[in-house]
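Okay, here's what each chain looks like letter by letter:
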Amino acid sequence: MKDKHSTAFWMFALLGLSCLLVSMDRRIFWVFASSIRHDLGLKQQQVQMASEAIQFGLGAASLGAGYLVRVVNRKGLAIAGLLIASLATVWTAYAQDFQGMFATRLVVGAGSALNLLAILTMGIHYFPRQRSNVIATVFFFMGAGALIAVNLGPIIGGATDWHEPLIAFGLAGLPMAIAIFAFAKPWLTEATAPQRLDIYPAQQPPASSIVSRRVMLLLAMTVLLSLCISSFRDNYLYHIREESGFTWQFGQLAVSAYAFGNLFAFYGASVFRRYGARRVLITSFALTGTLSLLIFTIKWEYAFAHVMFSILLGVFLGGIATVSLLSAMIDSVVAAQRAPVMGLFFASLITPNFFSNSLCQVAEAAMGYAAAGLLLMSGSVFLAAVLATRLPALHRTPLRI
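Fair warning: this is a prediction, and the values are worked out from it, not measured in the lab.

This part is about the overall build of the chain. Scanning the chain from terminus to terminus reveals 16 helices and 2 strands. Counting all 401 residues of the chain, 58% fall into the buried class. Carbon and sulfur atoms make up 67% of the accessible area of the chain, which amounts to about 16500 Å² in all.

Quick look at the structure:
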C-alpha cells in the first residue's frame, strides 16, 4: 500500500508538470508582446486584447470543462488539453495578423481549462483527505510555470526573435503528453471519491447544488479577488513605470515577483486546514487591502520595496486566498458537484479579468494610476473581507477511521 501511495505521488507530480508547461504557454506571450506588436504592425490595444484572450478562453471553458470531466476519461481530457494548449502556442508563432493571434490565444486558454480541471479532479478524487494539498500542488506548478516563462523567455528571446521561443515552449508539451499517456495509471486518474469524509458537527452539510448560498458567497469573493489582481497588473504596474520612473523590464520583474509569491500555496493549504476558511480569508484580504494602501500612498525610493510588495501580494492572494477559496468551495458541495464547482471557481476568477481590465483603464483615465489602483485594489479586498465574515466560524474536524 505504501508503494502504491508513493507511485501515486509521482504520477500526480507528472500531471502537475503538465500544468507547469501549460502555465508557461499562457505567460510567454506577455513577455514578447512588445516585439510581436512591432513585427506585425499591431496597435497596443490589439496586443492587449490578444493577451487577454487567453483569460477569456480559460474562464469561459472552465465551467463546461467542470461538467465534461464528470463524463469523459480524465486522463484523455488532461492530455487533450495539454496538446491543444501546446499546439496553439506553436500556431501563435505563425500568426500573421490580429485575428489569427487572438484566435490562437483563445484556444490556448480553452486547452488550459481542460488540462487544469481534469488534473484537479484526479487529485481530489484519489487524495480525498488531502484536497487542499492537491490544490496547493497545482497552484504551485502554475506559479512555477509563470515564473519560468517570465524569466526564461527574455533569455531565449535575447538570442533569437519571438517565434522560436513560442515554438520551443509549445513543442515541449508533446513529450509530456506521451509521458502522461504511458505512466499515469487509470487507478489514479479515474478514481472515485466517497460522498463525504468529513464531519461538520454544527454546520450545514455539503450542498447538492453549486448554486447554494455558501458557494455563491465564495463566488462573490472570488470575483472581487479577480478585480484586485487585475488592478495590480493594470494600475500598479503602470503606476511604478509611468509615475515612479521604473523601466518595462522592472515591470516584468514585479510580475515575476508576484508569481514567486504563488509558490507559497502549500502554506496557504496549511493555514486553511488549521484555521478554516473564515479566519484565513478575512486575514489575507485585510492584509492585502492594507498593503494596497501602502503601495499607492507611500513614496518608496528603492526598487527592492516594490519587489517585496509584489511578493507579499503573491503570497496573500495567490498563495493563501486563492487556495483557501477553492478549497472552501470544494468542501461546500458533495463529491458529484466538486468538478463543476471547480469550473465555476475558475470561470469567476479568470473571466472577470477580460472585463475588469477595461474598468481599470477607465478608472485610470479618470483618476490616474495611483488613485484608481488604490480604489480598486483596496476597495475590492476590503469588501471581500466583509463578505468573509459571513462564512461559518467552525473548523473542519476530520473523521478518524
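Once that is clear, we can look at the pattern of salt bridges. Evaluation of the coordinates by the stated rule reveals 1 salt bridge. Residue Arg131 is joined to Asp331 by a salt bridge in which the shortest nitrogen-to-oxygen separation is 2.6 Å. Highlighted residues: Arg131 in helix α6 (residues 131–159) and Asp331 in helix α14 (residues 303–331), separated in sequence by 200 residues. You'll find Arg131 and Asp331 in the same group, each marked buried.

As a further point, take the nonpolar core. Ranked by size, the top nonpolar core spans 124 residues in total, and within it Leu120, Phe139, Met221, Tyr236, Leu281, Phe285 and Leu326 carry the most contacts. Top contributing element to this core by residue count: α14, with 16 residues. Beyond its immediate chain neighbours, meaning those up to four positions away, Tyr236 contacts Ser231, Ile295, Phe296, His306, Phe309, Ser310 and Met377.

With that settled, consider the packing of aromatic side chains. The full count for this structure, using the stated rule, is 11 aromatic pairs. An angle of 25 degrees between the planes, with centres 6.2 Å apart, marks the rings of Phe139 and Phe346 as stacked. Taken together, the positions of Phe139 in helix α6 and Phe346 in helix α15 (residues 338–367) put the pair 207 residues apart, joining distant regions of the chain. In terms of burial, Phe139 and Phe346 fall into one category: buried. Each residue in the set Phe12, Tyr126, Phe127 and Trp187 is aromatic and connected to the rest through ring pairs, giving one cluster. In this structure, Lys4 is placed above the aromatic ring of Trp187, and the distance from its NZ or CZ to the ring centre is 4.8 Å. The ring centre of Phe181 lies 5.3 Å from the NZ or CZ of Lys75, which sits over that ring.

In contact at an axis separation of 10 Å, helix α13 (residues 277–297) and α14 are set at 155 degrees when each is read in the N-to-C sense. The pairing of α13 with α14 is recorded here as roughly antiparallel in orientation. Crossing angle aside, the handedness with which α13 passes α14 is left-handed. Within the contact between the two elements, α13 uses Ala277, Val280, Leu281, Ser284, Phe285, Leu287, Thr288, Leu291 and Ile295 and α14 uses Phe309, Leu312, Leu313, Phe316, Leu317, Ile320, Ala321, Ser324, Leu325 and Ala328. Considered class by class, the residues forming the contact of α13 with α14 number 16 nonpolar, 3 polar and no charged.

Let's shift gears to the side chain of Lys75. As for its placement among the helices and strands, Lys75 is situated in helix α4 (residues 74–92). Those residues in contact with Lys75 that lie beyond four places of it in its chain are Met122, Ile180, Phe181, Ala184, Thr189 and Glu190.

Our next topic: the environment of Tyr94. As for its placement among the helices and strands, Tyr94 is situated in the loop between α4 and α5 (98–126). Among the residues examined, Tyr94 registers a relative accessible area of 55% and is labelled exposed. For the pair Tyr94 and Ile167, spaced 73 residues apart in sequence, the C-alpha separation works out to 9.2 Å.

Take Phe127: it is sitting in the loop between α5 and α6. A relative accessible area of 9% means that Phe127 is categorised as buried. Put simply, Phe127 and Thr192 are 65 residues apart on the chain and 9.9 Å apart in space, counted from C-alpha to C-alpha. Residues contacting Phe127, with those up to four places away along its chain left out, are His5, Ala8, Phe9, Phe12 and Val134.

Right, let's talk about the confidence of the model for the chain for a bit. On average, residues of the chain score 86 in pLDDT, and 90% of them are at 70 or above. For residues 395–401, every residue scores under 50 in pLDDT, and the model assigns this stretch 17 contacts once sequence neighbours within four places are set aside.

Parameters at a glance
- Residues numbered from 1 in each chain as written.
- Predicted model: local features only at pLDDT ≥ 70, side-chain atom pairs only at ≥ 80, totals over all residues.
- Heavy atoms only, no water.
- Helix = DSSP H or I, 4+ residues; strand = E, 2+ residues; numbered from the N terminus.
- Buried < 20%, exposed > 50% of the residue type's maximum accessible area, 1.4 Å probe, protein only.
- Areas by Shrake-Rupley, 256 points an atom, 1.4 Å probe, with all protein chains shown as cover.
- Salt bridge = Lys/Arg side-chain N within 4 Å of Asp/Glu carboxyl O.
- Core = buried A, V, L, I, M, F, W, Y, C linked by side-chain atoms within 4.5 Å.
- Contact = heavy atoms within 4.5 Å.
- Phe/Tyr/Trp six-rings, centres within 6.5 Å; stacked < 30°, edge-to-face > 60°.
- Lys NZ or Arg CZ within 6 Å of the ring centre and 35° of its normal.
- Axes fitted to C-alpha atoms, helices over the stretch in contact; angles between N-to-C directions.
- Parallel < 35°, antiparallel > 145°, perpendicular 65-115°, else oblique.
- Left-handed = near helix turned anticlockwise from the far one by under 90°.
- Nonpolar A, V, L, I, M, F, W, Y, C, P; charged D, E, K, R; others polar.
- pLDDT = per-residue confidence, 0-100.

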